[in-house]
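Each chain, letter by letter, is given below.
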Amino acid sequence: MNKDPYYLAYEKRYKATYAAGAARWGHPSDEPGLFHTLSEWALKHGLIDLGKRVIEFACGEGGSGVILSRLGCIYHGVDIARGEGS
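Analysis parameters
- Residues numbered from 1 in each chain as written.
- Predicted model: local features only at pLDDT ≥ 70, side-chain atom pairs only at ≥ 80, totals over all residues.
- Heavy atoms only, no water.
- Helix = DSSP H or I, 4+ residues; strand = E, 2+ residues; numbered from the N terminus.
- Buried < 20%, exposed > 50% of the residue type's maximum accessible area, 1.4 Å probe, protein only.
- Areas by Shrake-Rupley, 256 points an atom, 1.4 Å probe, with all protein chains shown as cover.
- Patch = residues over 30% accessible without salt bridge, like charges linked within 9 Å, V, L, I, M, F, W, Y side chains within 5 Å.
- Salt bridge = Lys/Arg side-chain N within 4 Å of Asp/Glu carboxyl O.
- Axes fitted to C-alpha atoms, helices over the stretch in contact; angles between N-to-C directions.
- Parallel < 35°, antiparallel > 145°, perpendicular 65-115°, else oblique.
- Left-handed = near helix turned anticlockwise from the far one by under 90°.
- Contact = heavy atoms within 4.5 Å.
- Nonpolar A, V, L, I, M, F, W, Y, C, P; charged D, E, K, R; others polar.
- Core = buried A, V, L, I, M, F, W, Y, C linked by side-chain atoms within 4.5 Å.

Visitor: How should the overall build of the chain be read in this particular structure?
Guide: Helix and strand counts for the chain come out as three helices and two strands. Here the chain holds 86 residues, and 23% of them are scored as buried. Carbon together with sulfur atoms contributes 56% to the accessible area of the chain, which is approximately 6300 Å² in total.

This is the structure:
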């Protein structure tokens, strides 16, 4: 039985995904549905253009962070994986 924390399994998946030729693991920052959803969420919570801080755990490649930053949030993303090429 594997005793590593479950989230460390994603590192192997990241590497396999990129080795197979994928350009990214998660959502791109220009995906319309993600932009719409995050825009509504940020507006609902008074985050747009106010320089409010947002932290996202398990952010992956940070597609959401790009959008939230463009909306005026001060974004910080944290992920266990080191990312492509690591």
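Visitor: What is the right way to look at a nonpolar patch on the surface in this model?
Guide: A cluster of nonpolar side chains, namely Tyr6, Tyr10 and Trp25, defines an oily patch on the protein surface of about 360 Å² accessible area. By secondary structure assignment, the location of tyrosine 10 is in helix H1 (residues 9-19).

Visitor: What is the right way to read the packing of helix H2 (residues 32-44) against helix H3 (residues 63-70) from this model?
Guide: In a packed pair of helices, the relevant descriptors are the angle between the two axes and the axis-to-axis distance. Where H2 meets H3, the closest approach of the two axes is 10 Å, and the angle between their N-to-C directions is 50°. By the angle class used here, H2 and H3 are oblique. The way H2 lies across H3 gives a crossing that is right-handed. When H2 is examined against H3, the residues Leu34, Phe35, Leu38, Trp41 and Ala42 are found in contact with a partner set consisting of Ser64, Ile67 and Leu68. Here the contact of H2 with H3 is composed, by residue class, of seven nonpolar, one polar and no charged.

Visitor: Sorry if this is basic, but what is going on with the nonpolar core here?
Guide: The tendency in soluble globular proteins is for nonpolar side chains to be buried as a group. One finds Leu34, Leu38, Ala42, Leu47, Val54, Ile67, Leu68, Leu71 and Cys73 forming the largest nonpolar core, which totals nine residues. Of all the elements in the fold, those that place two or more residues in this core are H2 and H3. Ranked by residue count, the leading element in this core is H2, at three residues. Leaving out residues up to four positions away in the same chain, leucine 34 has contacts with His27, Pro28, Ser64 and Ile67.

Visitor: Quick question: what am I supposed to make of the side chain of serine 64 here?
Guide: In this structure, serine 64 sits in helix H3. Assessed through its relative accessible area of 16%, serine 64 is described here as buried. In this structure serine 64 touches Leu34, Leu38 and Glu56, once residues within four positions along its chain are discounted.

Geometry only, nothing functional implied.
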